[in-house]
Amino acid sequence: MANLTRRRLLAGLGPIVGAAAAAKLAGGSAPAGAARHQHGGAAAPATPAAAHGVGHEHAHFRRGARVDHAANGFHPTALLRDFDEGRTRRGVNGHTIREWTLIAEDKEIEVAPGVKFAAWVYNGRVPGPTLRAREGERLRVTFVNGSTHPHTIHFHGVHAPAADGVPGLGAGLIQPGAKTVYEFDADPFGLHLYHCHTAPLASHVAKGLYGAFVIDPRKGRPPADELVMVMNGFDTNFDRSNEVYAANSIPFAYMDEPIRVKRDELLRLYLVNALEFDFVNSYHLHGNFFHYYPTGTSLEPLEFTDTVMQCQGQRGILEWRFPQTGRFMFHAHQSEFTELGWVGFFEVVD
Ligand SMILES: [Cu+2]
């Protein structure tokens, strides 16, 4: 099974085989299985190219199997609108000090039905909490390493070297059982991210140590129904390529439970690409176009489109309204990612 790659999965073996192999390697239980529903009972596509357009609109796990969100301790639907504003207090100069505590831990999570992944998590979830601050505040993040491996937190933004969260600077590597405080200003406003910066870097990130980091402009943004999607994937058989893809960790979660939004309401999506091993990821919205604010650092959109591409670490803010009710799909425009889980629906209601 060692040469069982996701490309071979797409070549016809089906994700159920990969999931079984992965569960075996990870010491987990047998999977309920994942499979594409195909039109007309057609045989599995012979090549990834043939897989293109086979009918991912109906992709989800076989027999409606789902992961145990309660056991994972987080639910993809709840993650969408879960912003962690921490605690605030007044500093001596009258400015706001905003504080969080992030705890790294080793935690097994179910990333596909029956497929357990030995993740490393911040505050019990993948992605980690969506930290939200306001431009100009002083931020203090207490990092407690409750994992069995050394880790850090590296924040994107403007700050001093000592607060950069990389080995050899400031507190450097935070050993198991140790803690540190990262302190810096909320600058610039926009959508950023944080992640562990411990070598081997790709592995530490791919294990789940990343999250979105929102800095609101001083004057705020117009009221909207706000959502966060951190695009990611999991390498369940340790071959440095991903077996499953998702936004907010759980493949097909928003197919099983479409995201309910209101017709004509302004939607604002904070979109971050935390995917490892694949160089690019993307977001495509059906039946609509959106305004795109790369990195969220301008209040003027740069583009009006229905598809954006992000490389590793890139992120941006999307805004749009649905003028009609009904179901609208969204997914990576890399069809392979879509078929392996990175796809969902909006359910637009009155
Ligand atoms: Cu780490």
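Residues numbered from 1 in each chain as written. Predicted model: local features only at pLDDT ≥ 70, side-chain atom pairs only at ≥ 80, totals over all residues. Heavy atoms only, no water.

A. Structural view of the overall build of the chain. Counting its secondary structure elements, the chain contains 8 helices and 23 strands. By residue count, 55% of the 350 residues in the chain fall in the buried class. A separation threshold of at least 6 residues defines the contact pool for the chain, and within that pool the share at least 24 residues apart is 71%. Put simply, the chain shows about 14200 Å² of open surface, and 54% of that area lies on carbon and sulfur atoms. (Helix = DSSP H or I, 4+ residues; strand = E, 2+ residues; numbered from the N terminus. Buried < 20%, exposed > 50% of the residue type's maximum accessible area, 1.4 Å probe, protein only. Contact = heavy atoms within 4.5 Å. Areas by Shrake-Rupley, 256 points an atom, 1.4 Å probe, with all protein chains shown as cover.)

B. Broad picture of the confidence of the model for the chain. Averaged over all residues, the pLDDT of the chain equals 86, while 83% of them reach at least 70. Low confidence marks residues 7-57, where pLDDT is under 50. Its contacts with residues over four positions away, or in another chain, come to 84 contacts. (pLDDT = per-residue confidence, 0-100.)

C. Layout of the nonpolar core. Among the nonpolar cores identified, the biggest contains 36 residues, and Ile109 and Phe234 are the most heavily contacted of them. Sorting elements by how many residues they give to this core places strand S6 (residues 115-122) first, with 4 residues. Excluding residues within four positions of it along the chain, Ile109 makes contact with Asn72, Phe74, Val115, Lys116, Phe117, Ala119, Val126 and Phe234. Ranked by size, the runner-up nonpolar core spans 29 residues in total, among them Leu269, Leu285, Phe290 and Phe346. (Core = buried A, V, L, I, M, F, W, Y, C linked by side-chain atoms within 4.5 Å.)

D. Molecular detail of unusual backbone geometry. With omega at -5 degrees, the peptide bond leading from Val126 into Pro127 counts as cis. By secondary structure assignment, the location of Pro127 is in the loop between S6 and strand S7 (130-134). Going from Asp187 to Pro188, the amide bond is cis rather than trans, its omega being -5 degrees. Inspection of the secondary structure puts Pro188 in the loop between strand S10 (179-185) and strand S11 (190-195). Of note, the phi angle at Arg240 is positive, near 60 degrees, even though the residue is not glycine. If you trace the backbone, Arg240 turns up in the loop between strand S13 (225-234) and strand S14 (244-247). Even without glycine at this site, Phe252 takes up a positive phi of about 65 degrees. Within the element layout of this structure, Phe252 appears in the loop between S14 and helix H7 (253-256).

E. Main features of the pairing of strand S8 (residues 138-145). Taking every second residue as pointing to the same face, the buried face of S8 carries Leu139, Val141, Phe143 and Asn145, while none of Arg138, Arg140, Thr142 and Val144 on the other face is buried. As paired strands, strand S5 (residues 96-112) and S8 are joined by 8 bridges and run parallel to one another. Note that in S8 the partner of Ile103 across the bridge is Val144. In the sheet, S8 pairs with S10 via 7 bridges, with the strands oriented antiparallel. Bridging across to S10, Arg138 finds its partner in Asp185. (Pairing = 2+ DSSP bridges.)

F. Up close: the environment of Phe213. Take Phe213: it is sitting in strand S12 (residues 210-216). The buried category is assigned to Phe213, whose relative accessible area is 1%. Spatially, the C-alpha atom of Phe213 lies 5.7 Å from that of Thr130, the residues being 83 residues apart in sequence. When sequence neighbours within four positions are dropped, the list of residues in contact with Phe213 reads Leu131, Leu139, Phe155, His156, Phe184, Gly190, Leu191, His192, Leu193 and Tyr194.

G. The arrangement of the coordination of the copper ion in detail. Surrounding the copper ion are the protein donor atoms His151 (ND1), Cys196 (SG) and His204 (ND1), at 1.9 to 2.1 Å. Counting gaps between the donor residues of the copper ion yields the pattern H-x44-C-x7-H. When sorted by exposure, Cys196 lands in the same class as His204, which is buried. (Donors = N, O, S within 2.8 Å, 3.2 Å for Na, K, Ca; no water.)

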